[in-house]
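Chain residues, written in single-letter form:
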Amino acid sequence: MQTTRAEEYRLKGKRKGALLKEEISLVDGKVVAYSLAYINLKRCQVDNGRVLGYDNSHGYHHRHFMGKIEPIEFSTYADLAERFIQEVHELWRIEDEEN
């Protein structure tokens, strides 16, 4: 049986208007499809505002960053989600230094 979970977090404060999105599809408890995205049109005007993202659409695991796409090594979804959160926090640190 396949289930899909989608969550969207609208950011506030100095990142008002930005979004964090997570979508996961599972079959019998195993992740078969996923998409993680940090979207902020103030930071990125290409790729629908996706500053950073990871997904496995189009048959391969890949990373989006400021309009560029590159393949990635994939081990587990949990490891990838942790990597995503760490990268988002680093991007926020850089954004805060610039402002």
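Check the entry above for the structure.
Here's a quick rundown of the structure. All residue numbers refer to position in the chain's written sequence, counted from 1. Reporting in this predicted model follows two pLDDT cut-offs: at least 70 for local features of residues, and 80 or more for side-chain atom pairs to be given and counted; totals over whole chains, interfaces and linings ignore these cut-offs and use all residues. Computation of side-chain values covers all heavy atoms of the structure but excludes hydrogens and water.

## Focus: the environment of glutamate 22
Right, so step 1: A run of H or I in DSSP becomes a helix once it reaches four residues, and a run of E becomes a strand once it reaches two; helices and strands are each numbered from the N terminus. Inspection of the secondary structure puts glutamate 22 in strand E2 (residues 19-27).
Right, so step 2: Residue classification places glutamate 22 among the buried positions, given a relative accessible area of 17%.
Right, so step 3: Sequence separation between glutamate 22 and proline 71 is 49 residues, and the spatial gap between their C-alpha atoms is 19 Å.
Right, so step 4: Setting aside its immediate chain neighbours within four residues, glutamate 22 contacts Arg5, Ala6, Glu7, Ser35, Leu36 and Tyr77.
Right, so step 5: Within the structure, the side chain of glutamate 22 is placed 2.6 Å from the side chain of tyrosine 77, a separation counted as a polar contact. The buried label goes to any residue with under 20% of its type's maximum accessible area, the exposed label to any with over 50%, and the partly exposed label to all in between, with areas taken from a 1.4 Å probe on protein chains only. Contact definition: two residues touch when any of their heavy atoms are within 4.5 Å. In protein, a polar contact means a hydrogen-donor-capable atom and an acceptor-capable atom, both N or O and within 3.5 Å, with residues adjacent in sequence counting only if both atoms are side-chain atoms; elsewhere, any N or O pair within 3.5 Å suffices.

## Brief notes about the sheet that holds strand E5 (residues 62-65)
Right, so step 1: By definition, two strands form a pair when at least two bridges between them are found by DSSP. Read across the sheet, six strands follow the order E1-E2-E3-E4-E5-E6 without closing on themselves; strand pairing throughout is antiparallel. Each end of this open sheet is capped by a strand with a single partner; those strands are strand E1 (2-10) and strand E6 (68-71). Here the strands of the sheet are splayed against their neighbours by 10 degrees on average, with no regard to which way each runs.
Right, so step 2: In this sheet, E2 lies alongside E1 in antiparallel orientation, the contact comprising nine bridges. Among the inter-strand pairings, threonine 3 is bridged to a residue of E2, identified as leucine 26.
Right, so step 3: Note on geometry: axes are C-alpha line fits, over the in-contact stretch for helices, and angles between N-to-C directions span 0 to 180 degrees. Sheet strands touched by helix H1 (residues 77-98): E2, strand E3 (30-39), strand E4 (50-55) and E5. Its angle to E3, the strand with the most contacts, is close to 5 degrees.

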